[in-house]
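Chain by chain, the residues:
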2 protein chains.
Amino acid sequence: MTETGIGTSRSTPATLHDVAREAGVSLATASRSLNGSTRKVNDEYRKRVLDAAARLDYSPNLSAQAVARGTTTTVALLVADIADPYFSSIAAGVVAEADHERLIVTMAATERDPERELELVRTLRGQRPRVMILAGSRPTSDPTEGALGEELAAYERSGGRVVLISRNEFDFRTVIVENTAGAEALARELVGIGYRRFAVITGGEGLRTAADRVEGFRAGLAAAGGTLDDEHVVRAAFTRDGGYDGMRQLIESGLDGIELVFAANDVMAVGALSAVRDAGLTPGTDVAVAGFDDIPTVRDVTPALTTVRVPLEELGRRALRLALGDESASSEGAVRTEVVLRESTPGITR
Amino acid sequence: MTETGIGTSRSTPATLHDVAREAGVSLATASRSLNGSTRKVNDEYRKRVLDAAARLDYSPNLSAQAVARGTTTTVALLVADIADPYFSSIAAGVVAEADHERLIVTMAATERDPERELELVRTLRGQRPRVMILAGSRPTSDPTEGALGEELAAYERSGGRVVLISRNEFDFRTVIVENTAGAEALARELVGIGYRRFAVITGGEGLRTAADRVEGFRAGLAAAGGTLDDEHVVRAAFTRDGGYDGMRQLIESGLDGIELVFAANDVMAVGALSAVRDAGLTPGTDVAVAGFDDIPTVRDVTPALTTVRVPLEELGRRALRLALGDESASSEGAVRTEVVLRESTPGITR
DNA sequence: CTGTTAGCGCCTTCAA
DNA sequence: TTGAAGGCGCTAACAG
């Protein structure tokens, strides 16, 4: 009954030992035929081992391999919020590239809580991942800032590779996104099509990505001749609801002649569009809206959203390649962005 | 120079052995103070160990623990496409619940390729995850169907727990979604507000989820008095672009008196809305559209989409709880859905 | 309560 | 080429 090895109800996975015995060879030979880098096994033996493995439904224990080899095939990915299209697109890129390299991805969500992030990094470190990728910036002035840096540094000292995506807080390898330049280009184009009076909805205090985008936008306006009063810069959560609230605030303040509202990311911009509509106004016509990222959904909202395209999946891919020491990934410089004008900013004829 | 243990540039992580030596205690004591379940360590020793660990920046090697304990703290999650809001929402739920249970999630994407899925299950099995969660159904008639089932069965025999989300192909624990009932209720309500002539955009041949929804919709129409001709059921990819193409086909065929198009999921429905608009028609007015899932973005498209709400994050949470043997999760029955009428189906007065 | 000592499953010298 | 044996980092009896 236990003879066949198929469908038996053993409750513990077959071990390499079992396979070796079943094949009538030594543990070493079994190991070599199943994994060994340089093939140096008699074909006859090899076949016997492979057969035995199939018969016993053998699956190599990755943990054991990791312990023995002193290295894993794991990549750790930390994002703020998995359901956010910005992060899920990045994650898709990381996973795709990891799969390509036959690596396994473990994923965790910080939920934008710095302490949580630190805790997660600590836990994930235990996995001895080859690479650790962090996406989603945290407040610049944060008490746990130093601790995180220390933790990551320690991880690197012990052989790991840290890669940050679009956050320039630390001194680690980073996939840099042209946040400032992209926003500046957007501002110029918007002024170019007639807009003059702007407002901005940005993220919480000190969010680097948001700050860079706003700064770039400001610079662009300054150069091209648009105006952005300080009281027209509102802070809100870096989420869809944050964008909604921010826009509602602006509208409640009377809009004050504002022609276009720039939200620091698309998720917020989409929320802003809905706020405009819920206020009985027509987005695009009564007030124009622009975002940043070009997440998939923005071409399906109405009016389609003007934004700055960031190749999100590519960001994820690049992050992993960078961590793995891919020459090209590091030499490519900042990730290019591109202004995409759509119907949410139809332009103004003056 | 190496004395302090801080910031030294050793290239290999501190081991429990190092900590024990540094603290002047035995390996076992170190292990017990750092991890041991039942606290049975002299406070003095305990403190010394903790200090030493901190000084050496010790991080327990999870692989080694897994080997020694014979069990991991890993959960494996397989989805079709991480960037798809349906799956990323589910993933967010799984990750949240896993975090709650102090479990680590490894994630992979099948990209809707059955062979890939099989391959991934094989690889992931090597991790000896406590749980394996599969979301996203595959074609019902698939050559690798049997192999997948065998692989999963083998995994369960060796102590793992498989949970399927909304796919009733196999005989494993499953988080069942009221796909049929939900679609049926939707159909009834739509007929209730005046619609009579329907069309459907569904997924590829044999996709279970899609098939169930269409079937339910049909049943609802039959009961309430709506009509759905076979030539008005179009198949397309289960994606945004699929929905777009499907709707375009319908429009090109002249719409033929169709008043409302039901897309088998929201992502497709959103694409369909854009197709309507691109054809110069007004969704909601010229042709109504309804979807299924209630992904976050559908309340921000215009007109806001009528759909059947599925608590996606909850699906992920339930899946994990079910796998972990949570009583309540298994006794709760199918996950409830709820029809949500919005502006994309304003109703018809006859 | 603490330390000693086998393993856990696998890899990898080292001889044969 | 093959096999025997030690070791990877950690846990869990088992004595003391």
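An unreviewed UniProt entry lists chain A under the name LacI family transcriptional regulator, with Agromyces albus as the source organism.

S.K.: What should I look at first to understand the overall build of chain A in this one?
M.R.: The helix and strand tally for chain A stands at 13 helices and 11 strands. Expected size for 350 residues packed as a compact globule is a radius of gyration near 20 Å; at 26 Å, chain A overshoots this value by more than 25%. Counting only C-alpha atoms and orienting by the principal axes, one finds that chain A spans roughly 85 × 40 × 35 Å. Taken across its 350 residues, chain A has 56% of its residues classed as buried. Long-range contacts, defined here as pairs at least 24 residues apart, represent 73% of the contacts in chain A between residues at least 6 apart. Total accessible area on chain A stands at roughly 14600 Å², and carbon and sulfur atoms take up 47% of it. For chain A, the centre of its 40 positive side-chain charges and the centre of its 51 negative side-chain charges are spaced 8 Å apart.

S.K.: Quick question: what am I supposed to make of the interface of chain A and chain B here?
M.R.: One widely used convention gives an interface's size as the accessible area the parts lose upon coming together. In this assembly, 55 residues from chain A lie in contact with 55 residues from chain B. A buried area of about 4400 Å², summed over both sides, lies between chain A and chain B, and 50% of it is on carbon and sulfur atoms. Interface area lost by chain A to chain B is led by A:Arg128, A:Arg157 and A:Asp300, which between them contribute 14%. One salt bridge in this structure joins A:Asp300 and B:Arg240, with 2.6 Å as the shortest N-O distance. Along the lines of polarity and charge, the residues of the side of chain A that touches chain B split into 22 nonpolar, 20 polar and 13 charged. When strand β2 (residues 104-109) of chain A meets strand β2 (residues 104-109) of chain B, the two strands line up antiparallel, connected through three bridges. Across the sheet, the residue bridging to A:Thr106 is B:Thr106, located in β2(B).

S.K.: Teacher, can you tell me more about the domain arrangement of chain A here?
M.R.: All names here are of chain A. What the domain assignment lists for chain A is domain 1 (16-60), domain 2 (71-176) and domain 3 (179-309). Of note, the centres of domain 2 and domain 3, computed from C-alpha atoms alone, are 29 Å apart. On the domain 3 side, the residues contacting the 11 residues of domain 2 number 13 residues. If you look at where domain 2 meets domain 3, you find zero salt bridges. Applying the counting criterion to the domain 2 and domain 3 interface returns two residue pairs in polar contact (both at pLDDT 80 or more). Of the residues belonging to the side of domain 2 that touches domain 3, the class tally is three nonpolar, five polar and three charged.

S.K.: Looking at this structure, I do not really get the side chain of B:Asp84. What am I missing?
M.R.: Residue and element names in this part refer to chain B. Inspection of the secondary structure assignment puts Asp84 in the loop between β1 (74-79) and α5 (85-100). Assessed through its relative accessible area of 8%, Asp84 is described here as buried. There is a polar contact of 2.8 Å between the side chain of Asp84 and the backbone nitrogen of Tyr86.

S.K.: So what exactly am I meant to see when it comes to empty space enclosed by the protein here?
M.R.: The rolling of a water-molecule-sized probe over the atoms marks out the regions of remaining empty space. Residues and elements named next belong to chain A. Using the criterion set out here, one finds two cavities of 30 Å³ or more in the structure. Size it by volume and the second largest cavity reaches roughly 40 Å³. The wall of the second largest cavity is formed by Arg197, Phe198, Thr227, Asp229, His232, Asp256 and Ile258. Sorting the residues of the lining of the second largest cavity by element identifies β6 (197-202) and β7 (227-235) as the ones contributing at least two each. The greatest single-element share of the lining of the second largest cavity, amounting to three residues, is contributed by β7. Class assignment for the residues of the lining of the second largest cavity results in two nonpolar, two polar and three charged.

S.K.: How should I be thinking about the pairing of β2(A) in this particular structure?
M.R.: Working note: regular strand, side chains alternate between the two faces of the sheet. Residues and elements named next belong to chain A. In terms of burial, β2 is largely enclosed, as six of its six residues are buried. Of the two faces of β2, the one holding Ile104, Thr106 and Ala108 and the one holding Val105, Met107 and Ala109 are both buried throughout. Two strands pair when backbone bridges link them, and strand β1 (residues 74-79) and β2 are joined in this way by six bridges, in the parallel orientation. Its bridge partner lying in β2, Val75 is registered against Val105. Where the polypeptide runs from β1 across helix α5 (residues 85-100) and back to β2, its parallel neighbour, the crossover connection is right-handed.

S.K.: What exactly am I supposed to notice about the side chain of A:Asn265 here?
M.R.: All names here are of chain A. When you line up the elements, Asn265 lands in the loop between β8 (260-263) and α11 (266-278). At 2.8 Å, the side chain of Asn265 and the backbone nitrogen of Met268 are in polar contact. Other than its neighbours up to four places away in sequence, Asn265 contacts Arg213, Phe238, Gly291, Phe292 and Asp293.

S.K.: Just checking my understanding: could you explain the pairing of strand β4 (residues 161-165) of chain A for this structure?
M.R.: All names here are of chain A. Most of β4 sits inside the fold, with four of its five residues counted as buried. Here β4 runs beside strand β5 (residues 173-175); their pairing, made up of three bridges, is parallel. Counterpart to Ile165 in the pairing with β5 is Val175.

S.K.: Whenever I open this one, the layout of surface pockets confuses me. Can you help?
M.R.: Put simply, the second largest pocket is a space of about 1200 Å³. Lining the second largest pocket we find 45 residues, and of these A:Leu62, A:Ile104, B:Arg122, B:Thr123 and B:Leu124 sit closest to its centre. Looking at the lining of the second largest pocket, the element that brings in the most residues is helix α6 (residues 114-125) of chain B, giving seven residues. Of the residues assigned to the lining of the second largest pocket, the class counts are 16 nonpolar, 17 polar and 12 charged.

S.K.: What exactly am I supposed to notice about the protein's contact with DNA strand C here?
M.R.: In the vicinity of DNA strand C lie 24 residues, with A:Leu16, A:Tyr58, B:Thr29, B:Arg32 and B:Asn42 positioned nearest. For DNA strand C, the backbone portion of the atoms within 4 Å of the protein, that is sugar and phosphate, comes to 67%. Backbone polar atom of B:Ser26 to a phosphate oxygen of DNA strand C: 3.2 Å apart, as the coordinates give it. Those elements that provide at least two residues to the surface near DNA strand C are α2 (27-34) and α4 (62-69) of chain A together with α2 (27-34) and α4 (62-69) of chain B. Among the elements that line the surface near DNA strand C, the one with the most residues is α4(A), at five residues. Here the surface near DNA strand C is composed, by residue class, of 13 nonpolar, eight polar and three charged.

S.K.: Mind showing me how you'd approach the sheet that holds strand β9 (residues 288-290) of chain A here?
M.R.: For sheets, the rule is that strands pair by backbone hydrogen bonds, running either parallel or antiparallel. Residue and element names in this part refer to chain A. An order of β7-β6-β8-β9 is seen for the four strands of this open sheet, with the pairing classed as parallel. If you trace the sheet from one side to the other, it starts and ends with β7 and β9, each paired once. Between one strand axis and the next, the sheet turns through 25° on average, direction left out of account. Both β6 and β7 contribute to a ladder of five bridges, which runs parallel. Bridged to Phe198 within β7 is Leu228. Helix-sheet contacts for helix α9 (residues 208-224) involve β6, β7 and β8, and the interaxial angle to β6 is about 170°.

How each quantity is defined
Residues numbered from 1 in each chain as written. Chains lettered and ligands numbered in written order. Predicted model: local features only at pLDDT ≥ 70, side-chain atom pairs only at ≥ 80, totals over all residues. Heavy atoms only, no water. Helix = DSSP H or I, 4+ residues; strand = E, 2+ residues; numbered from the N terminus. Rg over C-alpha atoms; globule rule 2.2 N^0.38 Å. Buried < 20%, exposed > 50% of the residue type's maximum accessible area, 1.4 Å probe, protein only. Contact = heavy atoms within 4.5 Å. Areas by Shrake-Rupley, 256 points an atom, 1.4 Å probe, with all protein chains shown as cover. Lys, Arg positive; Asp, Glu negative; His and termini not counted. Charge placed at Lys NZ, Arg CZ, Asp CG, Glu CD. Buried area = accessible area lost by both parts, 1.4 Å probe. Salt bridge = Lys/Arg side-chain N within 4 Å of Asp/Glu carboxyl O. Nonpolar A, V, L, I, M, F, W, Y, C, P; charged D, E, K, R; others polar. Pairing = 2+ DSSP bridges. Domains from an automatic or database assignment. Polar contact = N/O pair within 3.5 Å; in protein donor to acceptor, adjacent residues only side chain to side chain. 1 Å grid on protein atoms, 1.4 Å probe; cavity = no way out; pocket = protein on both sides within 12 Å on 5 of 7 lines; lining within 4 Å. Points joined across faces, edges and corners; volume = space filled by probe spheres on them. Right-handed = clockwise from strand over helix to strand, strands pointing away. Near = heavy atom within 4 Å. Axes fitted to C-alpha atoms, helices over the stretch in contact; angles between N-to-C directions.

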